[in-house]
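# Remarks on the overall topology
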Amino acid sequence: MSSSTRVLVSGASGFLGTHIVNQLLSSGYSVRALARGSKVAALRAAYANAAERVEVYEINDISHDEFPDAFVGVDALIHSASPLPGKGTPEELFKAAVDGSLNIVRQAEKAGIKKVVITGSMASVRNSQNSFTPNDWNPITKEAAFSGTLPIMAIYAASKKHAELAVWEWADAHPHVDVTLINPPFLYGSLTPQLQSIIDSGKPNDYSLFSTTTNLYQLLFPQGTLTSSLLYASVEDVAKLHVLSLTGKPTSEVGRKRIVVANPHVIDWNKAVVTLKEQRPELVERLITAHADPAHPLPNLDYLRVEEVLGFKKSDFTPFEMTLLDTIDSLLEVEKKWTAAGAEVIVPPAW
């Protein structure tokens, strides 16, 4: 695929989505970004300086609406939009996750698009064996998710798993469409200038666009909470994997392209606090007081598979210290604007 092509991106106003759009632009692609509601105007304003290469297309309901005009002149689809945990009942979350993915890939195929990249989640892979290869699946069932006894994140994991299963069933029935599905863990890294612009257009203490960066933001509050999940990836790295998927080896050559990724080092929260004390000494008095258990060994991940399919090596992953500092510096920029506007910054929710 030539880099002079146009890519349709869903979820383009999100934490990962804006990084994907920016890396597409850096690689020479043009972008048609899907957005809805107030995010349409905010996204257009955020990319005003690149309006000749970024077109924002308004949709209402990605799960049910037909929007054929969005696919005109498009050569590939990157579907990064996904319903957030806790938004509605388990049944509604499942329907949004499954129907949203199937609706957009069906329309893409109908429009003649033969290259599709989808953002999944490591939640659909997680299992008691602590193995995260392309052959592993979360054993959670739809019935368990609908039982009313599971926590929000478990229901989310089930919805992501079954949305992915539906996509692969569709892909098997449409072998002429080359599908890559990327399953990352929690993502950390800087907020893009475009996302910061969108956040600035909202209200202080609205963390809905911060995604999982709020886990690192916890480190800046003495009463903060440390997330139990130590697997992570740099948002910049994962965005790059999406862009590389547009020119990666075809399914006919490497088989089903189910890419499971995480940084090759688990997080050590205690070392993260030490790093902030050393590298950002002005923050010492506000750092989290909780201490974490020692970091667990890295689970089983197939880095050779990622390199085989996308050419991204294990050594290419961004070091955690860089990701940590980039994230914290970016969050502090937003916080600075909120406090300047007279808002009292509250502890963000943890994932």
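Residues numbered from 1 in each chain as written. Predicted model: local features only at pLDDT ≥ 70, side-chain atom pairs only at ≥ 80, totals over all residues. Heavy atoms only, no water.

### Describing the overall build of the protein
From N to C terminus, the protein includes twelve helices and eleven strands. Relative to the compact-globule value of 20 Å for 351 residues, the protein shows a C-alpha radius of gyration of 20 Å, a close match. Dimensions of the protein, computed from C-alpha atoms along their principal axes, come out at roughly 55 × 45 × 40 Å. In the protein, of all internal contacts separated by at least 6 residues, the share reaching a separation of at least 24 is 81%. (Helix = DSSP H or I, 4+ residues; strand = E, 2+ residues; numbered from the N terminus. Rg over C-alpha atoms; globule rule 2.2 N^0.38 Å. Contact = heavy atoms within 4.5 Å.)

### Description of the layout of surface pockets
Volume-wise, the second largest pocket comes out at about 290 Å³. If you go around the second largest pocket, the residues you meet are Leu84, Pro85, Lys87, Ile152, Met153, Tyr207, Ser208, Ser211, Thr214, Pro349, Ala350 and Trp351. A class-by-class count of the residues in the lining of the second largest pocket yields eight nonpolar, three polar and one charged. (1 Å grid on protein atoms, 1.4 Å probe; cavity = no way out; pocket = protein on both sides within 12 Å on 5 of 7 lines; lining within 4 Å. Points joined across faces, edges and corners; volume = space filled by probe spheres on them. Nonpolar A, V, L, I, M, F, W, Y, C, P; charged D, E, K, R; others polar.)

### Re the pairing of strand 3 (residues 54-58)
Here is the key point about a regular strand: its side chains alternate between the two faces of the sheet. Summarising the sheet, strand 2 (residues 30-35) and strand 3 pair through five bridges and their orientation is parallel. Along strand 3, the bridge assignment pairs Ala33 with Val56. In this fold, strand 2 hands off to helix 2 (residues 39-46), which returns the chain to strand 3; that crossover is right-handed. (Pairing = 2+ DSSP bridges. Right-handed = clockwise from strand over helix to strand, strands pointing away.)

### A look at the nonpolar core
Across soluble globular proteins, nonpolar side chains have a tendency to be buried as a group. Judged by nonpolar contacts, the single largest core of 83 residues is most densely connected at Val9, Leu24, Leu219, Leu220 and Trp269. Counting residues per element, this core draws most heavily on helix 12 (residues 320-340), at eight residues. (Core = buried A, V, L, I, M, F, W, Y, C linked by side-chain atoms within 4.5 Å. Buried < 20%, exposed > 50% of the residue type's maximum accessible area, 1.4 Å probe, protein only.)

### Here's the deal with the packing of helix 10 (residues 269-279) against helix 12
Direction vectors running N to C along helix 10 and helix 12 enclose 65°, while the axes themselves pass 11 Å from each other. For the crossing formed where helix 10 meets helix 12, the hand is right-handed. Each of Ala272, Thr275, Leu276 and Gln279 in helix 10 lies in contact with helix 12, whose residues at this interface are Phe320, Glu321, Leu324, Leu325 and Ile328. The residue makeup of the contact of helix 10 with helix 12, split by class, is six nonpolar, two polar and one charged. (Axes fitted to C-alpha atoms, helices over the stretch in contact; angles between N-to-C directions. Left-handed = near helix turned anticlockwise from the far one by under 90°.)

### What to know about the pairing of strand 1 (residues 6-10)
In terms of residue burial, strand 1 counts as a mostly covered element, since four of its five residues are buried. Sheet analysis places strand 1 next to strand 2, joined by four bridges and oriented parallel. Residue pairing in the sheet places Arg6 in a bridge with Ser30 of strand 2. Assessed by its sense of winding, the connection that carries the chain from strand 1 through helix 1 (residues 15-26) to strand 2 is right-handed. Across four bridges, the pairing between strand 1 and strand 4 (residues 76-79) is parallel. Looking at strand 4, one finds that Val7 is bridged to Ala76.

### A few points about the environment of Asn138
Inspection of the secondary structure assignment puts Asn138 in the loop between strand 6 (131-132) and helix 4 (142-145). The class for Asn138 is buried, based on a relative accessible area of 11%. Separated by 23 residues in the primary sequence, Asn138 and Lys161 place their C-alpha atoms 7.1 Å from one another. The contacts of Asn138, once residues within four sequence positions are left out, are Ala123, Ser124, Val125, Arg126, Ala157 and Lys161. A distance of 3.0 Å separates a polar atom in the side chain of Asn138 from the backbone nitrogen of Ile140. (Polar contact = N/O pair within 3.5 Å; in protein donor to acceptor, adjacent residues only side chain to side chain.)

### Some words on the pattern of salt bridges
Overall, the coordinates contain ten salt bridges when judged by the stated rule. The salt bridge involving Asp99 is made with Lys95; its shortest N-O contact spans 3.0 Å. Remark: Lys95 and Asp99 occur in helix 3 (residues 90-110); sequence separation between them is four residues, near one turn of the helix. You can call Asp99 partly exposed: its relative accessible area is 22%. Its relative accessible area of 47% is what places Lys95 among the partly exposed residues. One salt bridge connects Asp329 with Arg280, and the closest N-O pair in it is separated by 2.7 Å. One end of the pair, Asp329, is in helix 12; the other, Arg280, is in the loop between helix 10 and strand 11 (300-301), with 49 residues separating them in the sequence. Its relative accessible area of 29% is what places Asp329 among the partly exposed residues. (Salt bridge = Lys/Arg side-chain N within 4 Å of Asp/Glu carboxyl O.)

### Focus on helix 2
Those residues of helix 2 not exposed but buried are Val40, Ala42, Leu43 and Ala46. Along the axis of helix 2, the buried residues cluster in a sector spanning 165°; they form a single face. For helix 2, the exposed residues set more than 90 degrees away from the buried face come down to Ala41 and Ala45. Those residues of helix 2 hidden inside the fold are in contact with strand 2, strand 3 and helix 6 (193-200). (Arc of directions from axis to C-beta.)

### Some words on the sheet that holds strand 5 (residues 115-119)
Taken in spatial order, the seven strands of this open sheet run 3-2-1-4-5-7-10, and their pairing is parallel. Each having just a single partner strand, strand 3 and strand 10 (257-260) make up the two edges of the open sheet. Across the sheet, the axes of successive neighbouring strands diverge by a mean angle of 20°, strand direction being ignored. In the sheet, strand 7 (residues 178-183) pairs with strand 10 via four bridges, with the strands oriented parallel. The residue bridging Leu181 from the neighbouring strand is Arg258, located in strand 10.

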